[in-house]
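Chain by chain, the residues run as shown.
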Amino acid sequence: MTDVEGDIALKFDVASVRSEFPILGTTVRGVPLCYLDNGATTQKPLCVIETIDSYYKSSNSNIHRGVHHLSQVATELYENARATVRRFINAASDKEIIFTRGTTESINLVASSFGNRFISQGDEILITEMEHHSNIVPWQLLCERTGAILKVANVHPDGTVDIEDFKRLLSTKTKIVSVVHVSNSLGTINPIKDIIDVAHQVGAKVFIDGAQAVAHIEVDVQELDCDFYVFSGHKLYAPTGIGVLYGKEEILNAMPPYQGGGDMILSVSFDKTIYNELPAKFEAGTPHIAGAIGLATAIDYLLGIGIANAAQHEHMLLDYATNAMRGIPQVQLVGTAPNKSAVLSFTLKGIHPHDVGSLLDRDGIAIRAGHLCTQPILRKFGVHAVNRASFAIYNTIEEVDRLIASVQNVIRIFA
Amino acid sequence: MISQSDIRDLYQEVILDHNKSPRNFGKPTEHTHHAEGFNPLCGDHLQMFLNIEDNIIKDVKFEGEGCAISKATASLMTSELKGKTTDEAQHLFDKFLSVVTSDIDSPIDPELGKLSVIAGVREFPVRVKCATLAMHTIKNAINNEGIVSTE
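Residues numbered from 1 in each chain as written. Chains lettered and ligands numbered in written order. Predicted model: local features only at pLDDT ≥ 70, side-chain atom pairs only at ≥ 80, totals over all residues. Heavy atoms only, no water.

### Observations concerning the overall build of chain B
Here's step 1: Along chain B, the regular secondary structure elements total 5 helices and 4 strands.
Here's step 2: Each helix and strand of chain B, placed in order from N terminus to C terminus, yields the pattern α-α-β-β-β-α-α-α-β.
Here's step 3: For a compact globule of 151 residues, the expected C-alpha radius of gyration is about 15 Å, and chain B comes in at 14 Å, within 12% of that figure.
Here's step 4: Dimensions of chain B along its principal axes, counting C-alpha atoms only, are 40 × 30 × 25 Å.
Here's step 5: When each of the 151 residues of chain B is scored for burial, the buried share is 49%.
Here's step 6: Distance between charge centroids for chain B: 3 Å, based on 15 positive and 23 negative side chains. (Helix = DSSP H or I, 4+ residues; strand = E, 2+ residues; numbered from the N terminus. Rg over C-alpha atoms; globule rule 2.2 N^0.38 Å. Buried < 20%, exposed > 50% of the residue type's maximum accessible area, 1.4 Å probe, protein only. Lys, Arg positive; Asp, Glu negative; His and termini not counted. Charge placed at Lys NZ, Arg CZ, Asp CG, Glu CD.)

This is the structure in structure tokens:
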């Protein structure tokens, strides 16, 4: 073991991480909660909960409006949160960080604003088969409005994107390429740097859905050179209802506002309304101030642990769980890409995932069961629904053991 | 005689048996009424085929994909319905719905017959949709309304 590895092992202590998450001390149906549904949403550490609590107790006010003390305090906290997000993904400027309600709203914002201005009949939008419904439907709606065409790159049986098919579909007609960084159902980590580079060669703008990535992979938007990168706070130990749209400044500047309202204008008259500058142009109305501040606290918390340390721990759990599942003959794994994030989707022969989910719930184990909002890729893999365990920084080997034991019990019940 | 604790245990022998070997499964050669039901939550999909003569359900069969709860309910319910009038069927639907949506400790109406095993679904409120898919689909078939969703 090198010094660096020793350092990481010393720094990461899962028991101390767990003690930061109050909900992990609760019980479900009389047994300790075993929370393995982190792909859906993560639990929140005490520091995030306390930040929100403290904001409402001592700093609550509307931002960018009042001249009074509290308004200045709240504005400063909110804008500091933006700066934290900017540093987190290494954007060039705070103006490139737009707060939204989450990944879904970020995608819809771009599909509407960028799409309505720059996409027209015959243009093409290229996605992959493994996209979440939220990275399919907004583009389908855009195609309906404009007469553009949605192209879909093939996915290999192991859950990797067929890059040759992707390149074949790419042409000068391609105006937007929108790809998930980490698949929520397959766990595949896509080679987004290569995808961005090849898409830029034909002049397409590249949009990356980072919802499942940012808590597990260090993201540097300048190094990636993506045009848009979006994610949600709640999968990153932050509250629900807050998310981020990163966009290159010159592109955001060229886009029309998404929603009209307060804060997004410089002046309003019935003859002519002048829109505000970035980022305010895209933040109409009072935003989720506490959420943004909570997100900044969550980012600082995760960076304190270290994303590389988090990823190493989660990967250890994934490897352990994958090996154990492979030892059960009735288990079929869905998504076996060589480069995977800590997502383990599986089916049990002849047993519907909802029955598995309910029976695991009786053992206090929370997993996701269903189509995971990725019906097209599951259909391609020949299943309607899957079971998904997804790991976070606070999960343990003992919890994986509980999962495996419970799965074996389900198989016994249905035998 | 089913004890209360057994009823609470959703995945008991009757349900597992009907899941494994569903009764009345398959498409009949002829039918007078048909409807399709979806549960978007899990992608469950049922088709119901009925033969109704003089308001009497002579035969009812189903096809489709589903979890143990929706399959077992479809199997049990189709068995219960054969020979009943459409009014009697509606009466059974009302009873069934009120039981599966009732409080976990409330008594189970004996009129439900074998279907009473499904009452265990009350322990898992999100699964009530799985238990009512067959019922909603049959209802729509009787009323000649094509597609139903339990979302």
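Right, picking up where we left off after that structure.
### Focus: the pairing of strand β14 (residues 343-348) of chain A
Residues and elements named next belong to chain A.
Here's step 1: Burial within β14 is extensive, with 6 of its 6 residues counted as buried.
Here's step 2: The alternating pattern of β14 places V343, S345 and T347 and L344, F346 and L348 on opposite faces, both of which are buried.
Here's step 3: Here 4 bridges tie strand β13 (residues 331-334) to β14, and the two strands are oriented antiparallel to one another. In the strand pairing of β14, Q332 is matched with T347.
Here's step 4: In terms of strand pairing, β14 meets strand β17 (residues 386-390) through 4 bridges, oriented antiparallel. When the bridges of β17 are listed, F346 appears paired with N387. (Pairing = 2+ DSSP bridges.)

### Some details on the packing of aromatic side chains
All names here are of chain A.
Here's step 1: Taken as a whole and assessed by the stated rule, the structure comprises 13 aromatic pairs over all chains.
Here's step 2: Taking 6.1 Å as the distance between ring centres and 70° as the angle between the ring planes, the aromatic pair formed by F88 and F231 counts as edge-to-face. Of this pair, F88 sits in helix α4 (residues 69-89) while F231 sits in strand β9 (residues 228-232), and the two are 143 residues apart along the sequence. You'll find F88 and F231 in the same group, each marked buried.
Here's step 3: Geometrically, the ring pair formed by Y237 and Y394 is edge-to-face, given 6.1 Å between the ring centres and 80° between the ring planes. Placement of the pair is Y237 in the loop between β9 and β10 (243-247) and Y394 in the loop between β17 and α15 (397-414), with a sequence separation of 157 residues. This pair shows no difference in class: Y237 is buried, exactly as Y394 is.
Here's step 4: Ring pairs connect the aromatic residues F114, F118, W139, F207 and F228, which therefore count as one cluster. (Phe/Tyr/Trp six-rings, centres within 6.5 Å; stacked < 30°, edge-to-face > 60°.)

### Some thoughts on the sheet that holds β14 of chain A
All names here are of chain A.
Here's step 1: One open sheet holds the 4 strands; their spatial order is β13-β14-β17-β16, and the pairing between them is antiparallel. At either end of the open sheet lies a strand with only one pairing partner, and these are β13 and β16 (368-370). Along the sheet, successive strands turn relative to each other by an average axial angle of 30°, direction set aside.
Here's step 2: Relative to the sheet, helix α12 (residues 307-326) contacts β13 and β14, its axis offset from that of β14 by approximately 15°.
Here's step 3: Along the sheet, helix α13 (residues 353-362) makes contact with β14, β16 and β17, crossing β16 at roughly 155°. (Axes fitted to C-alpha atoms, helices over the stretch in contact; angles between N-to-C directions. Contact = heavy atoms within 4.5 Å.)

### Details of the nonpolar core
A general feature of soluble globular proteins is that nonpolar side chains tend to end up buried together.
Residues and elements named next belong to chain A.
Here's step 1: Counting 77 residues, the largest nonpolar core has F166, V177, Y229 and I393 as its most contacted members.
Here's step 2: A per-element tally of this core places helix α11 (residues 289-305) first, with 11 residues.
Here's step 3: In this structure, this core is formed jointly by two domains, domain 1 (3-32 + 306-414) and domain 2 (49-304), each of which donates at least three residues.
Here's step 4: Not counting chain neighbours up to four residues away, the residues in contact with Y229 comprise H181, I192, I208, G210, A213, V214, V219, V221, L224, V244, L245 and Y246. (Core = buried A, V, L, I, M, F, W, Y, C linked by side-chain atoms within 4.5 Å. Domains from an automatic or database assignment.)

### What about the interface of chain B and chain A?
Here's step 1: Contact with chain B, which involves 20 residues of that partner, is made by 15 residues of chain A.
Here's step 2: Both faces considered, chain B and chain A share a buried interface measuring about 1,400 Å² in area, 53% of it formed by carbon and sulfur atoms.
Here's step 3: Counting across the chain B and chain A interface gives 8 residue pairs in polar contact (both at pLDDT 80 or more).
Here's step 4: Only α2 (13-20) and α3 (68-81) of chain B provide two or more residues apiece to the side of chain B that touches chain A.
Here's step 5: For the side of chain B that touches chain A, the element with the most residues is α2 of chain B, which contributes 3 residues.
Here's step 6: Residue composition of the side of chain B that touches chain A, by class: 11 nonpolar, 3 polar and 6 charged. (Buried area = accessible area lost by both parts, 1.4 Å probe. Polar contact = N/O pair within 3.5 Å; in protein donor to acceptor, adjacent residues only side chain to side chain. Nonpolar A, V, L, I, M, F, W, Y, C, P; charged D, E, K, R; others polar.)

### Section: the side chain of T174 of chain A
All names here are of chain A.
Here's step 1: You can see T174 is positioned in strand β7 (residues 174-180).
Here's step 2: Relative accessible area serves as the criterion here: at 2%, T174 is assigned to the buried category.
Here's step 3: In this structure the side chain of T174 is engaged in a polar contact, spanning 2.9 Å, whose partner is the backbone nitrogen of S171.
Here's step 4: Apart from residues lying up to four places away in sequence, T174 is in contact with E124, L126, L169 and A204.

### With respect to the domain arrangement of chain A
Residue and element names in this part refer to chain A.
Here's step 1: Split into domains, chain A comes out as domain 1 (3-32 + 306-414) and domain 2 (49-304).
Here's step 2: Computed over C-alpha atoms only, the centres of domain 1 and domain 2 are separated by 28 Å.
Here's step 3: In this assembly, 34 residues from domain 1 lie in contact with 34 residues from domain 2.
Here's step 4: Carbon and sulfur atoms supply 59% of the area that domain 1 and domain 2 bury against each other, a total of about 2,600 Å² over both sides.

### Considering empty space enclosed by the protein
All names here are of chain A.
Here's step 1: This structure, assessed with the given rule, holds 1 cavity of 30 Å³ or more.
Here's step 2: In this structure, the largest cavity occupies an estimated 40 Å³ of space.
Here's step 3: Around the largest cavity, the lining residues are N38, G39, Q212, H216, S341, V343, S390 and F391.
Here's step 4: Split by residue class, the lining of the largest cavity holds 2 nonpolar, 6 polar and no charged. (1 Å grid on protein atoms, 1.4 Å probe; cavity = no way out; pocket = protein on both sides within 12 Å on 5 of 7 lines; lining within 4 Å. Points joined across faces, edges and corners; volume = space filled by probe spheres on them.)

### What to know about the pairing of strand β8 (residues 205-209) of chain A
All names here are of chain A.
Here's step 1: Counted residue by residue, β8 has 4 buried out of 5 residues, so it is predominantly covered.
Here's step 2: Alignment of β7 against β8, held across 5 bridges, turns out to be parallel. The residue bridging S178 from the neighbouring strand is F207, located in β8.
Here's step 3: Note on the crossover from β7 through helix α8 (residues 192-201) to β8: the handedness is right-handed.
Here's step 4: Strand direction decides the pairing type here: β8 and β9, joined by 3 bridges, are parallel. Counted as the bridge partner of I208 is Y229 from β9. (Right-handed = clockwise from strand over helix to strand, strands pointing away.)

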